[in-house]
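Coordinate inspection notes
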Amino acid sequence: MTAPETTSPASATPAPTPSWREAWAVYMQPRVLIVLMLGFSSGLPLALSGSTLLVWMRESGVDLGTIGLFALVGTPYTLKFIWAPLVDALHVPIFTRAFGRRRGWLVFSQLLLIGAILLLALTDPARSPLFVALGALLVATMSSTQDIVVDAFRVESLPESEQAAGMASYVAAYRIGMLVSTAGVLFLVSAFEDTGIGRNAAWMWGYVAMAALVLIGTLTALAATEPEQSVRAEAKTRGEAAFSRVMHAAIGAFSEFLARKYAWVALAFVVLFKFTDAFSGTMTAPFVIDLGFTRNDYAAIVKGVGLIATLIGGFAGGYLARRYSLVASLWIGGVLQAISNLVFAWLAYVGVNQWALAVAISAENFTGAIGTVIFVAYLSALCQNPLHTATQYALLTALAAVGRTYLSSGAGFVAETTGWPLFFVISVAVAVPSLILLAWLQRRGHFEAVGPVRV
């Protein structure tokens, strides 16, 4: 295995700024469309072991204490970096030979995901919550494994000029997949009940329908071609034993990254960049309810209008990342997602007004999506060695989740102490450390050094 080689920023010729037509035409590239379809397949199963399942359980009479414990079912999404080296290094019998290194794992994980969803569909929350938990855990594990492979496939198959567009398409399709497995399932279950089917049977068929939709991702994987970077990496390691490949993937992923200049500062930046979004986003639902909006207002505006704003913001972020440099795009995304929190401080003074809520939610989701797409384009640029793309990307996304999962856990106490207007002003201020790190890394040439890496 040879050491990664980076292109020299000094010798690189600056790419001309693309026109509007060129910037948007990238979304029609076959590689980007493949990533879009895989995004739908990745977003589909998340709610099936989360919010949709909790609705099914509550309708079945499961107590709130048991339902609350089901938050632990999402653990595989946080810990997926632990088994990511296996995905990077091991071959799946028959599948790898037939489809290649990444596509073989894609098809294999999706077939296992379909089986896990069908198994969950056959459970009865009222009679056996333990079996429901095991089924949900299997769905989450197979879903997070699919995410590992899709992330690696996306990073390796798209050239640098298409990474941001690919991520924008992925985010949009991911959100649509989540919408199908939440609102879509609820509508399906109601339709089945209207035909005279019992409630539990209606839920079962709703989940069976979702398992069938995973086949969209499987057909996409079959239609795709194996990334050239993955083919070269496979040729490099073909003669190694399985254990040796796993150890190289696990150790190499960490050592290669930490050997880079300013690695620890970059990791701190990864943890903090989306913290401002997570800090305010944690309290959006209680804030809206506290102001006096109804549950219907929340569903229609926060979820409905918010989804539209997120999709538009995702594609806008892809356009910005393609048109401007990586560091300039990060500055735009970082500042926008921070100052957008001020619209909630304004909403706190306006009070119950559906139009004001729509404006606030649109601004927050639009800017947040811009920041997300540009940020993930940056993460993708950090993971260009195909020998351990899956491992590095899984680790970086786990670090990025620290702000959402742990650092934001005290947001409720801050809101309770300060009141809503000041809380959202503070949520802007928590973006300052990430912007300081961004400036520090920019001055030391970190972003010029980040570029395509080959084996």
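When you go through the chain residue by residue, the secondary structure sums to 26 helices and two strands. Residue burial in the chain is summarised as follows: out of 455 residues, 51% are buried. Looking at the chain alone, contacts between residues at least 24 apart form 84% of all its contacts between residues at least 6 apart. Element-wise, carbon and sulfur atoms account for 69% of the exposed surface of the chain, whose accessible area totals about 19900 Å².

Here the focus is a nonpolar patch on the surface. A contiguous nonpolar surface patch, about 380 Å² in accessible area, is contributed by Val 335, Ile 339, Leu 342, Leu 422 and Val 425. Within the residue set of the nonpolar patch, elements represented by two or more residues are α19 (326-339) and α24 (420-429). Residue position: Leu 342 is located in helix α20 (residues 342-350). In this structure Leu 342 comes out as partly exposed when scored by relative accessible area, which is 39%.

As a further point, take the confidence of the model for the chain. Of the residues in the chain, 84% have a pLDDT of 70 or more, and the chain-wide mean is 81. Per-residue pLDDT stays below 50 along residues 1-15; that stretch engages in 15 contacts with residues further than four places along the chain or on separate chains.

Looking now at the environment of Ile 436. With respect to the secondary-structure elements, Ile 436 resides in helix α25 (residues 432-443). According to the relative accessible area criterion, Ile 436 is exposed, its value standing at 55%. In this structure the C-alpha to C-alpha distance between Ile 436 and Phe 269, which are 167 residues apart in sequence, comes to 9.1 Å.

Residues Phe 269, Leu 330, Tyr 378 and Leu 396 are the most contacted members of the largest nonpolar core, which totals 60 residues. Among the elements that take part in this core, helix α21 (residues 354-381) stands out by supplying eight residues, more than any other. Setting aside residues up to four positions removed in sequence, Phe 269 forms contacts with Leu 330, Tyr 378, Ser 434, Leu 437, Leu 438 and Leu 441.

Parameters and conventions
- Residues numbered from 1 in each chain as written.
- Predicted model: local features only at pLDDT ≥ 70, side-chain atom pairs only at ≥ 80, totals over all residues.
- Heavy atoms only, no water.
- Helix = DSSP H or I, 4+ residues; strand = E, 2+ residues; numbered from the N terminus.
- Buried < 20%, exposed > 50% of the residue type's maximum accessible area, 1.4 Å probe, protein only.
- Contact = heavy atoms within 4.5 Å.
- Areas by Shrake-Rupley, 256 points an atom, 1.4 Å probe, with all protein chains shown as cover.
- Patch = residues over 30% accessible without salt bridge, like charges linked within 9 Å, V, L, I, M, F, W, Y side chains within 5 Å.
- Salt bridge = Lys/Arg side-chain N within 4 Å of Asp/Glu carboxyl O.
- pLDDT = per-residue confidence, 0-100.
- Core = buried A, V, L, I, M, F, W, Y, C linked by side-chain atoms within 4.5 Å.

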